[in-house]
Amino acid sequence: AGVYDMKAEKEVTGTLTIIKFVNPHGSMHVAVKSADGTTTEYVFTTGSATTLAGRGIGKNSDVLRAGDVITAKFIPTRNGSPLGFLKSITKADGTVISISAGNPND
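The sections below set out a description of the structure shown in this document. Being a predicted model, the structure only gives us computed values, none of them experimental.

### Observations regarding the nonpolar core
For step 1, the next point in the chain: Membership of the largest hydrophobic core comes to 19 residues, with the highest contact counts inside it found for M28, F44, I57, L64 and I99.
For step 2, the next point in the chain: Residue assignment for this core shows that the elements contributing at least two residues are β1 (10–20), β2 (27–33), β3 (39–45), β4 (69–76) and β5 (83–91).
For step 3, the next point in the chain: When residues no more than four places from it in sequence are discounted, the contact partners of I99 are M28, T46, T51, L52, R55, I57, L86, K87, S88 and I89.

Encoded structure:
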């Protein structure tokens, strides 16, 4: 059935720490602080580097960079680990960037 729970969608807010531009799928790491002060590193799968570039996100881009505080909307894994398939990002200024569409289990 795939590793992602297609019936669920979650959101976390944290600091973008790493953006990796690789094919076939890129990834973004987000450090999320919980109420008790601990930090969890979420790792999100994205579309390809080509797909990200089409949305203005690239190695020499100012659209998104490490250190930005973002809210990530994602499809979580079934096992509850801090992993997911990134759907969209909302930046601190309210700008929404669509990252991926479709079914990551395909």
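### Examining the side chain of T77
For step 1, the next point in the chain: Position of T77 among the secondary structure elements: in the loop between β4 and β5.
For step 2, the next point in the chain: Setting aside anything within four residues of it in sequence, one finds T77 in contact with V3, Y4, D5 and L83.

### Here's the deal with the pattern of salt bridges
For step 1, the next point in the chain: Inspection of every chain in the model, using the stated rule, returns two salt bridges.
For step 2, the next point in the chain: The salt bridge partner of K87 is E9, with a shortest N-O separation of 3.9 Å. Placement of the pair is K87 in strand β5 and E9 in the segment before β1, with a sequence separation of 78 residues.
For step 3, the next point in the chain: Note on K87: relative accessible area 25%, which makes it partly exposed.
For step 4, the next point in the chain: Taking relative accessible area as the criterion, E9 reaches 45% and is therefore assigned partly exposed.
For step 5, the next point in the chain: Residues E11 and K73 are paired through a salt bridge, measuring 3.9 Å at the closest nitrogen-oxygen approach. Placement of E11 in strand β1 and of K73 in strand β4 is noted, with a sequence separation of 62 residues between them.

Thresholds, definitions, all that
- Residues numbered from 1 in each chain as written.
- Predicted model: local features only at pLDDT ≥ 70, side-chain atom pairs only at ≥ 80, totals over all residues.
- Heavy atoms only, no water.
- Core = buried A, V, L, I, M, F, W, Y, C linked by side-chain atoms within 4.5 Å.
- Buried < 20%, exposed > 50% of the residue type's maximum accessible area, 1.4 Å probe, protein only.
- Helix = DSSP H or I, 4+ residues; strand = E, 2+ residues; numbered from the N terminus.
- Contact = heavy atoms within 4.5 Å.
- Salt bridge = Lys/Arg side-chain N within 4 Å of Asp/Glu carboxyl O.

Don't take any of this as a statement about function, it's just geometry.
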